[in-house]
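# Examining the three-dimensional arrangement
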Amino acid sequence: MKPAALIFKELTRTKEILRFSPGSYFRLIAVAALWVLLGLSYGVGAEVQEFNRRATATAQIMAGIPPVGGEPALERLTKLDAFAEHQKWMAAQWGQVRGRISAIQNWRSQEVKIPGATQKTLLYPFSGPDFLNAYALFPEHSQYIFFSLERPSSLPDLESVTAVQFGKLLEDVRNAFRDIFQRNYFITDYMNKQLTTPWIRGTVPVMATMMVLMNQRIVRIEPVDLFPELTRAYEARDSVKHPRMIMRGTRIVFAGASGGAQQQLYYFSLDATDKALEFYPGFLEWVGQHRPASALLKSASYLLHDNQFEKTRNMIMAAADYVVQDDTGIPYRFLRQASWQVRLYGRYNKPIKSLRYGYQADLEGAYKEKPDLAELPFPFGYHWRGQQSGLMIANR
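Residues numbered from 1 in each chain as written. Predicted model: local features only at pLDDT ≥ 70, side-chain atom pairs only at ≥ 80, totals over all residues. Heavy atoms only, no water.

### Things to note about the side chain of T312
How we decide: Numbering goes from the N terminus for both helices and strands, where a helix is a DSSP run of H or I of at least four residues and a strand is a run of E of at least two. We call two residues contacting when some pair of their heavy atoms lies within 4.5 Å.
Within the secondary structure, T312 sits in helix α12 (residues 310-319). In this structure, T312 is in contact with F126, F147, A272, D274, L277, L284 and L304, ignoring residues within four places of it in sequence.

Structure below.
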């Protein structure tokens, strides 16, 4: 991170470049000071490896962080009142979320011990765009594989937006982040609307914004097609049978603002039910080849409790040797039968009303046998209020 004095020196120079009004300028200074206190840098030191400045600047603007230097075409947007309002909202929200992230990181440093983590892949099924929890819990993994229903799409083109359009775009960003900021999970039904607006489309804008909030820089964003022949056939509709949704993929390469090795995140949108996977018979094989992997499962609607997702469940249990999950992940009975070592944390609460089918009497019994378990110091899963969350680590 750059020293605060250097950040303010750059902001002073930016005042002349952008011809701020005095009021706008001092509002920027005030919020800049808050970002410094929250641990986010505004610039990148000369020693840091090259990154995609346009993609990073776009993500920073969506995060409410002025991208000082390097992208004049976008700097005009930071003069607008809409940006000042958005910056204030994001800084206030991130101030609270950063406390939660710190609690996760402190807990992780004590409880999550993964040998050879820098050489491992994290598997995150049913992830949505949740980079925050994945990176907070598994920051050293070199590769991340996410998959869920939501399409990846791409970053918005900020260069051509009008002031009115920019204000709507920033409002869409705030709407997309409200649930993950407040509850620490996304709500699938809401994402169907939040990630399909004219300005925020897909998971890529949200994941990229999360990356810069976590002090990362975007090196590259590129489409990925694991099965191009299948894609062409399904798009042409030459076959009578074709999937309800065609798989789309994206790879994001990123690196820390202060240096370090590059990491990469693969994101795929597809229907992961057993029947739908018949259209992509090689997908789970491709994911499972990255073994031994780690796995993260949270707020997953108990999908792996359903036999419709048996193939995905079996792949995770075969490929992973370390799993962090809440009660919505792999059913407790499967872990016990397979002789995994399971550690319980926090509290067990019966599933919320709409998901009662996920109740696990054996898991509730296991928690009752350990009444002295400490509360989990951060929300994780659907019981996010009042330190009622539970979590388990399974390894072998």
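### Side note on the packing of aromatic side chains
The test is simple: Between the rings of Phe, Tyr and Trp (Trp by its six-membered ring), a pair exists once the centres lie within 6.5 Å; its type follows the angle of the planes, with under 30 degrees stacked, over 60 edge-to-face, and the other angles tilted. Working definition: with a 1.4 Å probe on protein chains only, accessible area under 20% of the residue-type maximum means buried, over 50% means exposed, and in between means partly exposed.
This model, assessed by the stated rule, comprises 27 aromatic pairs. Between F131 and Y135 the ring centres are 5.1 Å apart and the planes differ by 20°, which places this aromatic pair in the stacked class. One end of the pair is F131 and the other is Y135, both in helix α6 (residues 131-137) and four residues apart, which spans about a single turn. The class of F131 is buried, set by a relative accessible area of 0%. By relative accessible area, which is 12% here, Y135 ends up buried. Relative to F181, the ring of F177 has its centre 5.1 Å away and its plane inclined at 50°; by these criteria the two rings are tilted. With a gap of four residues between them, F177 and F181 both fall in helix α7 (residues 163-183), about one helical turn apart. We note that F177, like F181, is buried. Following the ring pairs from residue to residue traces out a cluster consisting of F126, F147, Y266, F268, F283, W286 and F309.

### Focus on helix α5 (residues 81-111)
Along an α-helix, a turn takes 3.6 residues, which lines up residues three or four apart on a common side. Convention followed: What a helix is expected to span follows from its residue count: subtract one and scale by 1.5 Å. Fitting axes to the seven residues that end at a residue and to the seven that start at it, the angle between those axes gives the bend at that residue.
Taking 1.5 Å as the rise per residue, α5 with 31 residues should run 45 Å; its terminal C-alpha atoms sit 44 Å apart, in good agreement. Of all the bends in α5, the greatest, near 25°, is centred on G95.

### Quick look at the pattern of salt bridges
The criterion, for reference: Whenever Lys or Arg places a side-chain nitrogen within 4 Å of a carboxyl oxygen from Asp or Glu, that contact is recorded as a salt bridge.
For the structure shown, the criterion picks out nine salt bridges. With its nearest N and O atoms 3.5 Å apart, the salt bridge here joins R220 to E222. Take R220: its relative accessible area is 33%, and that puts it in the partly exposed class. Take E222: its relative accessible area is 25%, and that puts it in the partly exposed class. Linking R248 and E235 is a salt bridge whose minimum nitrogen-to-oxygen distance equals 2.8 Å. Residue R248 is found in strand β4 (residues 248-256), and its partner E235 is found in helix α10 (residues 228-236); the two are separated by 13 residues along the sequence. Using a relative accessible area of 28% as the deciding quantity, one classes R248 as partly exposed. One connected set of salt bridges, linked through shared partners, spans R220, E222 and R251.

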